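In case you want the letters, here they are:
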Amino acid sequence: MADFRTQIDEDIAFYKEAFPHVTHIEKPEWAFNFWVLDKLFSEDEDEIENKIVDYADNGIDCYVWHEEAKDLYLIQNKYYSDDTPLTKSYFNTSIQDGYGQLLEGTYARSNELQTIFNKYRTDPDFYVYHYYYVTNNNRSDSVDAAVQAFNQRNAEKKRIAKVFFLDDIEEAYYRWEPKKQERHLTITVETINKGTQLSVNNEAYGLALPIDAQYIMLPVATLYRALVLAEKEKYPIFDANIREYLGTGKSVNKRIISTLEDKDERKKFFFYNNGITIICSNAESWTEGSRRRIKLVDPQIVNGCQTVSSIKHVLESVPEGALEKEFSDTFVMAKILEIPKQSDEQEAQLMEELRKDIVKYNNSQNSIDEKTFVARDEPFIRLQTEFRKHGFLLLLKQSDQNTFAAEYKKPTELKARAQKKLELFNLTESVTKTRDFMIPLEKFLQVVLAFKGDAQQAFQKKGRLLVGGSSQHEIVMKAISDTPELTTQRLLFLYLLYLRAEKTKTADKEDGRTPIPWYLIEGFSKIDGAGSDYTKIDSLLNSAESIDRLIKLYRGATKMYLADYVKNNPGKDYNAMIKDTLDVEKLKGFLDVASAMAF
C-alpha cells in the first residue's frame with residue numbers, strides 16, 4: 001500500500017493543472033487538504049476551497065459538516081514523508097487547539113465553522129469527529145494509546161478521534177469496491193447453551209432450497225472478537241456490496257452507540273436492534289458445558305453494517321480482559337444462513353444469484369447501501385459500454401480508475417475513437433492522458449441533472465443522485481432510461497459541453513469562474529431549447545465555431561449575471577450565488593446583451 005502515495009501525488013499534480021486559480025494549490029501540503037475533501041468526503045470542487053481553513057499550524061486544517069446527521073469533522077492532514085512520525089505530544093496538543101477556540105467562540109479562521117458549532121454544540125445528536133490523515137505508515141503504540149484514551153475520556157462529550165495512516169487512506173479511497181482476494185476464514189462464535197436457538201431445516205419444512213438457517217442471540221463480545229480476527233487475517237468479512245460504507249462516519253447510528261455505552265441501557269440492546277445477517281458455506285454447532293459454539297466457514301456479514309460498526313466502535317475502546325464482564329448481558333440477533341458450495345457449475349451459479357438476492361433484499365430498507373446497487377444498475381453499465389466505444393471511460397466505481405489505467409497504459413486507442421469529438425469541442429490539448437478520458441459517474445449525472453432539472457440541484461444535491469427514490473435520481477434515470485431521444489451521443493455531447501466550459505473557466509487565471517458550467521447547461525436546456533427539442537443538441541453543437549460562440553456568449557452572460565448578483569445582494573458573492581436558484585429569464589436577458597455586444 002506504500003505505492004498509494006504515488007496516486008495521491010499524481011492527483012495533487014493534476015489539481016495544479018485543473019485548478020490554477022485556487023489559492024495555494026501549488027503547495028502539496030495545502031493541496032492534500034483539497035485531496036482529502038475531494039476523494040474521501042466527496043465535497044463539491046467549488047466548495048472545497050472554502051472548507052480549507054489552514055494547513056501549517058496545530059489547529060484545524062479543514063472541516064466537513066453533515067447537517068442532516070449533525071456530524072462535524074475537524075480534520076488535520078499531515079503530508080509527511082515516509083519517516084516523519086505523528087507524535088503523541090502533537091496529537092494531544094493539536095486536538096485541543098482549534099476546538100478550544102470554537103468552545104470559546106473565538107475561532108477566527110472560518111465564520112461559517114464557528115456559526116455551525118455555536119448552533120449545534122448543545123444538540124444531543126451533535127457529534128464532533130477529529131480525523132487525522134497521515135501520508136505514511138509510521139504508526140506508533142503511543143499515538144494509538146493516546147487516541148484510545150481520548151475517546152474514553154470524551155465518550156459522553158461525543159468527541160471521537162481517529163488517525164488514518166496511508167494504508168487506511170487507501171482503503172477509504174477504494175471503498176467503492178474493495179480489492180477482491182480469494183481468502184478463507186473459519187471462525188467460532190458462542191452463546192448461552194440453555195438459551196433458545198431456532199434452527200430451520202428446509203427439508204423438514206418442504207422448502208426447495210439447500211439452505212439451512214439458524215437464529216441465535218449472539219453476545220456482542222463474541223461478534224467483536226470475530227471482527228478483530230477477520231481484520232487481523234485481512235479477510236473480507238463484509239460483503240462487497242455493503243463493506244464500502246462501513247466506517248465512513250457519515251451515518252453512524254448514534255442511538256446504537258449511546259445504548260452500548262450506557263451500562264443500564266445496553267442490556268436492552270437486543271430488543272432495540274434489528275440484528276444482523278450472516279451467510280456462510282457451512283455452519284456446525286455443538287455444546288461445551290454451558291456454552292453453545294457455532295463454527296462458521298467463510299462467513300460474510302450481508303446486513304447490519306450500522307450495527308456491526310457501532311459494536312466495533314464501542315468495544316474496541318474496552319480492554320480485552322473486561323469485555324465479558326462489561327457486556328455479559330448484551331446480545332444481538334444473528335440470522336445465520338448456510339449456503340453450501342456447489343460442485344455443479346449450474347447449481348453454483350444459481351446459488352450465487354440467490355446469495356446476491358439475499359444481500360439485496362436484506363439491505364433494501366437501507367438508503368445508504370442502496371447507492372451501491374444503484375451504481376451497478378443496467379442503464380449505467382450500458383452507458384459505460386457505449387461511452388467506451390466513443391473513447392470515453394465512465395467510472396461506476398472508484399476502482400474503475402485503476403482498472404482502466406492498467407488496461408489503457410497508453411491512450412492511443414481512446415484518442416483514435418474520440419478524436420473527432422475532441423476536435424469539435426476544442427479539447428484535443430486538454431484531453432491527452434488516459435485519466436482525461438475518464439468520466440466519474442456522479443459528475444456525469446450532475447450534468448444530466450443540470451440539463452433536465454436545474455443548476456442549483458446539480459451543485460447542491462450531488463449526494464442524492466445515486467439514492468434510489470430521491471427526486472434527483474428519478475430525474476436522471478428518466479433522462480437516461482426512459483427518454484430514447486436522448487441518445488448516447490447526445491448525452492456524451494452534453495458532458496463534453498460541460499468539459500469545454502470547465503476548460504474555458506479554469507484557463508482564465510484572473511477570473512476562474514466563468515462561464516459557470518452548471519448555468520450554461522441549464523441555459524442550454526431552457527433558453528436555447530435543447531431540453532425540449534433534443535435535435536437542437538445536434539444542430540447547436542454541430543461545429544467548432546458554433547460551440548466557440550456558445551461558450552463566449554455564456555461566459556459574457558454569466559459574468560454579467562454574477563456582477564448583477566453581487567451588486568443587488570450586498571455581502572454575498574459567487575459562492576452564495578451558486579447556491580441560489582438560477583433566474584433563467586435574467587440570464588436570458590444577459591445572453592441577449594452578450595449577443596448584441598458580439599461576444
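It should be noted that the structure appears before, not after, this text.
Here we summarise the structure given alongside this text. (Residues numbered from 1 in each chain as written. Predicted model: local features only at pLDDT ≥ 70, side-chain atom pairs only at ≥ 80, totals over all residues. Heavy atoms only, no water.)

### With respect to the overall build of the protein chain
Regarding its fold elements, the protein chain presents 28 helices and 14 strands. Compactness check: the protein chain gives a C-alpha radius of gyration of 27 Å against a globular reference of 25 Å for 599 residues, within 12% of the reference. Overall size of the protein chain, expressed as C-alpha extent along the three principal axes, is 90 × 65 × 40 Å. Within the protein chain, the proportion of its 599 residues that are buried is 51%. Across the protein chain, the fraction of contacts at a sequence separation of at least 24, relative to all contacts at a separation of at least 6, is 72%. Carbon together with sulfur atoms contributes 48% to the accessible area of the protein chain, which is approximately 28,000 Å² in total. Computing the positive centroid from 81 side-chain charges and the negative centroid from 94, the protein chain places the two 1 Å apart. (Helix = DSSP H or I, 4+ residues; strand = E, 2+ residues; numbered from the N terminus. Rg over C-alpha atoms; globule rule 2.2 N^0.38 Å. Buried < 20%, exposed > 50% of the residue type's maximum accessible area, 1.4 Å probe, protein only. Contact = heavy atoms within 4.5 Å. Areas by Shrake-Rupley, 256 points an atom, 1.4 Å probe, with all protein chains shown as cover. Lys, Arg positive; Asp, Glu negative; His and termini not counted. Charge placed at Lys NZ, Arg CZ, Asp CG, Glu CD.)

### Section: the pairing of strand β3 (residues 127-134)
Two faces make up the sheet, and in a regular strand the side chains alternate between them. Among the 8 residues in β3, 8 count as buried, and that is most of the element. Judged from the 8 bridges that link them, strand β2 (residues 71-78) and β3 form a sheet pairing that is parallel. In the strand pairing of β3, Q76 is matched with Y132. Taken together, the 6 bridges between β3 and strand β4 (residues 159-164) define a ladder with parallel strand orientation. Within β4, the residue paired with H130 across the bridge is A161. Between the parallel pair β3 and β4, the chain is carried across by helix α6 (residues 141-153), and the sense of this crossover is right-handed. (Pairing = 2+ DSSP bridges. Right-handed = clockwise from strand over helix to strand, strands pointing away.)

### Concerning the nonpolar core
Grouped together as the largest cluster of nonpolar side chains are 75 residues, with contacts concentrated most on F444 and I537. Dropping the residues within four chain positions of it, I537 is found in contact with F451, L486, R490, F493, L494, F524 and A530. Membership of the second largest hydrophobic core comes to 36 residues, among which are L185, L218, A221 and I276. (Core = buried A, V, L, I, M, F, W, Y, C linked by side-chain atoms within 4.5 Å.)

### Observations concerning the sheet that holds strand β9 (residues 282-288)
The 3 strands lie next to each other as β5-β10-β9, forming an open sheet whose pairing is antiparallel. Since the sheet does not close on itself, it has two edges, and those belong to β5 (186-192) and β9, each with one partner. Recorded for the sheet is a direction-independent mean angle of 20° between the axes of neighbouring strands. Of the strand pairs in this sheet, β5 and strand β10 (residues 291-297) are connected by 7 bridges, and their pairing is antiparallel. Looking across to β10, one finds that I192 is bridged to R291. (Axes fitted to C-alpha atoms, helices over the stretch in contact; angles between N-to-C directions.)

### Description of the side chain of T191
The topology assignment puts T191 in strand β5. On the basis of relative accessible area, T191 is assigned to the buried category, the value being 7%. Of note is the side chain of T191, whose polar atom sits 2.5 Å from the backbone oxygen of M217. Excluding its chain neighbours within four sequence positions, the residues that come into contact with T191 are M217, P219, S290, R291 and R292. (Polar contact = N/O pair within 3.5 Å; in protein donor to acceptor, adjacent residues only side chain to side chain.)

### A short note on helix α15 (residues 345-362)
Taking 1.5 Å per residue as the helical rise, α15 with its 18 residues ought to reach 26 Å, and the 26 Å between its terminal C-alpha atoms agrees with that figure. Residues of α15 that are buried: M351, L354, R355, I358 and V359. All buried residues of α15 fall inside an arc of 140° around its axis, so they share one side. What points out from α15, more than 90 degrees from its buried face, is the exposed set E345, Q346, Q349 and Y361. (Expected span 1.5 Å × (residues − 1). Arc of directions from axis to C-beta.)

### Re the pattern of salt bridges
Taken as a whole, this structure holds 30 salt bridges when the rule is applied. Of the charged contacts in the structure, one is a salt bridge between K295 and E284, with a shortest N-O distance of 3.8 Å. You can see K295 sitting in strand β10 and its partner E284 sitting in strand β9, a full 11 residues away along the chain. Owing to a relative accessible area of 28%, K295 belongs among the partly exposed residues under this scheme. Residue D538 pairs with R490 through a salt bridge whose shortest N-O separation is 2.6 Å. Taken together, the positions of D538 in helix α25 (residues 535-540) and R490 in helix α23 (residues 488-507) put the pair 48 residues apart, joining distant regions of the chain. Take D538: its relative accessible area is 32%, and that puts it in the partly exposed class. Judged by its relative accessible area of 14%, R490 is buried. Here the residues in one salt-bridge network are E190, E288, R291 and R293, joined through shared partners. (Salt bridge = Lys/Arg side-chain N within 4 Å of Asp/Glu carboxyl O.)

### Re the packing of helix α17 (residues 378-389) against α23
Between α17 and α23, the shortest axis-to-axis distance is 10 Å and the interhelical angle comes to 80°. Taken together, α17 and α23 sit at an angle that is classed as roughly perpendicular. Contacts between α17 and α23 involve R382, L383, E386 and F387 from the former and T488, L491 and L492 from the latter. Among the residues making up the contact of α17 with α23, the classes are represented as 4 nonpolar, 1 polar and 2 charged. (Parallel < 35°, antiparallel > 145°, perpendicular 65-115°, else oblique. Nonpolar A, V, L, I, M, F, W, Y, C, P; charged D, E, K, R; others polar.)

### A look at helix α4 (residues 88-104)
Between the first and last C-alpha of α4 there are 25 Å, a value that for 17 residues agrees with the 24 Å anticipated at 1.5 Å per step. The sharpest bend along α4 reaches about 25° and sits at D97. Within the span of α4, buried status applies to Y90, F91, S94, I95, G98, Y99 and L102. Turning to α4, the residues buried within the fold contact β2, α5 (111-120), β3, α6 and β4. (Bend = angle between axes of the 7 residues up to and from the residue.)

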